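# Analysis of the macromolecular model
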Amino acid sequence: MARNDTAEGAPAGRGQWGTRAGFILAAAGSAVGLGNVWKFPYVAGDNGGAVFLVVYLAIVFTVGVSVMLAEFVIGRAGERNPVGAFKRLGGGAWPTAGYIGVAAGIIILSFYSVVAGWTLAYVVKSATGLLAAPDAASYGARFAAFSSEPVEPLLWHALFMAFTVAIVLRGVKRGIEFSCVVLLPMLFVLLAVLAVRAVTLPGAVSGVEFYLAPDFSKLTPGIVLAALGQAFFSLSLGMGAMITYGSYLPHRVNLPGSVLWITGFDTLAAFVAGLVVLPAVFAFSLDPAAGPGLVFITLPAVFAQMPAGEVFAVLFFVLLAIAALTSSVSLLEVGVAYFVDERGMPRRTAAIAVGAFCFLAGIPASLSLGAWKDVTLFGKGILDLMDYAASNVMLPLGAIAIVAFVGWRMGGRALAEASGNGAHPFAWAGAWRFVCRYVAPIAVAWILIGGLGLRG
Ligand code: PHE
């Protein structure tokens with residue numbers, strides 16, 4: 001196919017990453033976010049701790065890395081948003097997968113921004129006396145009081161969404177790359193310091209055991225589905241975020257190597273976040289299954305036990321908010337790239353319109369911790385339900401389509417694209433192909449059917 005390339009091998013007229021390191025950091029910025037620090041510990045706590053961790057790791061390093069590489073390949077070969085890339089490379093019914101992805105991104109961004117808003121609020125609260133609470137239990141009461149307020153969380157949600165839109169407006173490279181280069185490594189260091197504090201708290205040992213000593217008799221299909229959904233959510237897979245980022249990629253970048261870096265980075269961040277939160281939960285006799293508020297209850301209690309705790313707390317919540325921002329930007333970018341590429345909308349209009357829509361769609365998620373607490377379906381509140389539908393159903397469906405497309409439809413072209421026509425080392429080429437063709441579609445479908453309770 002004739003490509004309209006510029007001198008650097010880049011397609012003309014679309015944004016481009018500055019450097020390979022810039023791309024890896026941007027993709028890692030998409031992956032590392034609330035999924036690691038907010039969601040991973042409470043989902044692990046809710047699903048048996050160590051058993052969940054083992055299943056999670058197994059999924060990440062088989063299915064996860066394969067889906068990520070498949071997304072980069074589709075994006076770089078298709079040079080479009082997910083819908084456009086599938087249209088261009090496959091046609092037929094394939095673009096449906098892209099539409100599922102765009103929809104999933106919009107749902108996720110809606111509640112993601114609500115939680116990111118809590119993070120912003122906690123920056124201010126940490127600086128203004130939050131840590132003076134008498135005991136760990138009262139942090140639970142503080143969080144409940146704040147999150148059930150009708151208006152205040154919505155203001156933070158609006159502010160966070162405005163930041164996200166502002167970055168996406170400026171375009172991929174200028175907006176996204178910069179924030180990832182310095183700030184992510186800082187978040188990492190801070191998490192490591194916190195982990196040291198948490199595991200040395202009196203009583204933390206039972207939490208370490210809960211997190212690291214698996215009891216496989218507790219394994220259920222629901223836990224496996226939770227791990228699958230969490231893996232896709234945390235690695236930003238199944239909805240085309242990585243297809244979109246791959247589409248801004250020059251053809252000379254080594255994809256398989258990048259995938260391993262990004263996955264390793266993301267997994268380490270989640271693992272360390274679990275090592276902060278779960279031991280602390282046990283040390284303070286809190287409930288590991290406390291749900292979405294878990295980090296906002298546990299971490300302040302940890303900070304209160306540290307010298308200069310307030311300084312650490314403010315810094316931590318600032319960094320977490322920025323990590324969330326580098327993820328929310330990639331969520332918004334998928335929808336925006338779709339409206340720009342496929343509907344010819346100006347970037348500005350698309351960013352504002354999709355951002356405004358997601359703000360509105362996030363309102364019920366926010367209220368579901370307060371006024372609308374009793375609105376439930378299948379025993380889940382609105383925020384949980386949005387998360388469950390997007391992460392545990394839509395992302396797996398999208399992922400099946402992505403690996404099947406690469407394994408069966410693209411054929412040899414996929415391998416050539418992944419290895420840069422053989423320019424890059426790709427020792428796991430054969431394994432990748434096998435996983436894309438057989439292991440991932442079958443395993444993901446099987447987990448989905450079992451976890452949703454559709455089997456027997
Ligand atoms: N991976 C991000 C996080 O862990 C969330 C995300 C999901 C971003 C899907 C993009 C796509 O916070």
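About the criteria used
Residues numbered from 1 in each chain as written. Predicted model: local features only at pLDDT ≥ 70, side-chain atom pairs only at ≥ 80, totals over all residues. Heavy atoms only, no water. Helix = DSSP H or I, 4+ residues; strand = E, 2+ residues; numbered from the N terminus. Rg over C-alpha atoms; globule rule 2.2 N^0.38 Å. Buried < 20%, exposed > 50% of the residue type's maximum accessible area, 1.4 Å probe, protein only. Contact = heavy atoms within 4.5 Å. Areas by Shrake-Rupley, 256 points an atom, 1.4 Å probe, with all protein chains shown as cover. Lys, Arg positive; Asp, Glu negative; His and termini not counted. Charge placed at Lys NZ, Arg CZ, Asp CG, Glu CD. Phe/Tyr/Trp six-rings, centres within 6.5 Å; stacked < 30°, edge-to-face > 60°. Lys NZ or Arg CZ within 6 Å of the ring centre and 35° of its normal. Polar contact = N/O pair within 3.5 Å; in protein donor to acceptor, adjacent residues only side chain to side chain. Bend = angle between axes of the 7 residues up to and from the residue. Axes fitted to C-alpha atoms, helices over the stretch in contact; angles between N-to-C directions. Parallel < 35°, antiparallel > 145°, perpendicular 65-115°, else oblique. Left-handed = near helix turned anticlockwise from the far one by under 90°. Nonpolar A, V, L, I, M, F, W, Y, C, P; charged D, E, K, R; others polar. Near = heavy atom within 4 Å. pLDDT = per-residue confidence, 0-100. Core = buried A, V, L, I, M, F, W, Y, C linked by side-chain atoms within 4.5 Å.

A separate point is the overall build of the chain. Of regular secondary structure, the chain possesses 18 helices and zero strands. The C-alpha radius of gyration of the chain comes to 21 Å, within 12% of the 23 Å expected for a compact globule of 456 residues. Relative to its full complement of 456 residues, the chain shows a buried share of 60%. Taking contacts inside the chain between residues at least 6 apart in sequence as the whole, the part at least 24 apart equals 83%. When the accessible surface of the chain is split by element, carbon and sulfur atoms take 68% of a total near 16,400 Å². Positive and negative charge centroids in the chain, built from 26 and 21 side chains respectively, lie 10 Å apart.

So, on to the packing of aromatic side chains. By the definition in use, this model includes 33 aromatic pairs. Relative to tyrosine 248, the ring of tryptophan 17 has its centre 6.1 Å away and its plane inclined at 80 degrees; by these criteria the two rings are edge-to-face. With a gap of 231 residues between them, tryptophan 17 in the segment before helix H1 (20-31) and tyrosine 248 in the loop between helix H11 (241-246) and helix H12 (255-283) connect regions that are remote in the sequence. Here tryptophan 17 falls in the buried class, since its relative accessible area comes to 4%. By relative accessible area, which is 3% here, tyrosine 248 ends up buried. Seen from their ring centres, tyrosine 211 and phenylalanine 271 are 5.5 Å apart, and the 25 degrees between their planes marks the pair as stacked. Of this pair, tyrosine 211 sits in helix H9 (residues 205-212) while phenylalanine 271 sits in helix H12; the two residues are 60 residues apart in sequence, bridging distant segments of the chain. The class of tyrosine 211 is buried, set by a relative accessible area of 0%. Residue classification places phenylalanine 271 among the partly exposed positions, given a relative accessible area of 27%. Put simply, the rings of Trp118, Tyr122, Phe143, Phe146, Phe296, Phe303, Phe316 and Phe317 touch in pairs and so form one group of aromatic residues. The side chain of lysine 39 reaches across the aromatic face of phenylalanine 233, ending 4.0 Å from its centre. Positioned above the aromatic ring of tryptophan 408, the side-chain terminus of arginine 437 is 4.2 Å from the ring centre.

Of note, serine 247 is situated in the loop between H11 and H12. At 2.6 Å, the side chain of serine 247 and the backbone oxygen of threonine 244 are in polar contact. Not counting residues up to four positions away in its chain, the partners in contact with serine 247 are Arg14, Gly75, Arg76, Glu79 and Arg80.

Once that is clear, we can look at the environment of arginine 413. As for its placement among the helices and strands, arginine 413 is situated in helix H17 (residues 412-418). Sequence-wise, arginine 413 and valine 73 are 340 residues apart; in three dimensions their C-alpha atoms are separated by 9.3 Å.

Moving on to helix H18 (residues 429-451). Roughly 50 degrees is the biggest bend found in H18, and it falls at valine 435. Within H18 the residues assigned to the buried category are Ala429, Trp432, Val435, Cys436, Ala440, Pro441, Val444, Ile447, Leu448, Gly450 and Gly451. Structurally, H18 contributes buried residues whose contacts are with helix H3 (50-78), helix H10 (221-234), helix H16 (382-410) and H17. Downstream of H18 by a residue or two, glycine 453 has a phi angle that is positive, lying close to 75 degrees.

Looking now at the packing of helix H7 (residues 152-169) against helix H15 (residues 347-367). Between H7 and H15, the least distance of the axes is 9 Å, while the angle of their chain directions is 160 degrees. On the basis of their axis angle, the class for H7 and H15 is roughly antiparallel. As H7 packs across H15, the resulting crossing turns out to be right-handed. Touching Pro153, Leu154, His157, Ala158, Met161, Val165, Val168 and Leu169 of H7 are Arg347, Arg348, Ala351, Ile352, Gly355, Cys358, Phe359, Gly362, Ile363 and Ser366, all from H15. Its residues placed into classes, the contact of H7 with H15 shows twelve nonpolar, four polar and two charged.

The environment of the ligand is formed by 15 residues, the closest being Ala31, Gly35, Tyr112, Phe233 and Ser236. Here leucine 34 contributes a backbone N or O atom positioned 3.1 Å from an oxygen atom of the ligand. In this structure, glycine 35 approaches the ligand through a main-chain N or O atom, which is 2.8 Å from an oxygen atom. Relative to its unbound accessible surface of 320 Å², the ligand loses 100% to contact with the protein. Elements represented by at least two residues in the shell around the ligand include exactly H1, helix H2 (34-46), H10 and helix H14 (309-343). Residue composition of the shell around the ligand, grouped by class: seven nonpolar, eight polar and no charged.

This paragraph deals with helix H4 (residues 82-89). Most of H4 is tucked away: six of the eight residues are buried. Check the buried side of H4 and you find it contacts H3, helix H5 (95-127), H11, H14, H16 and H17. Sitting at the head of H4, asparagine 81 places a side-chain oxygen 2.9 Å from the backbone nitrogen of valine 83. The positive-phi residue at the C-terminal boundary of H4 is glycine 91, with phi of around 70 degrees.

When pLDDT is averaged along the chain, the result is 92; 95% of the residues meet or exceed 70. Scored below 50 in pLDDT, residues 1-12 shows 21 contacts in the model against residues more than four places distant or in partner chains.

Another aspect to go through is the nonpolar core. Of all hydrophobic cores here, the largest spans 164 residues; its most connected members are Ile74, Trp118, Phe316 and Trp432. Ignoring sequence-local partners within four residues, the contact set of phenylalanine 316 consists of Val37, Leu187, Leu190, Leu191, Leu194, Leu299 and Phe303.

Attention now moves to the side chain of threonine 326. Within the fold, threonine 326 resides in helix H14. A residue is classified by how much of its surface remains accessible, and threonine 326, at 4% relative accessible area, is buried.

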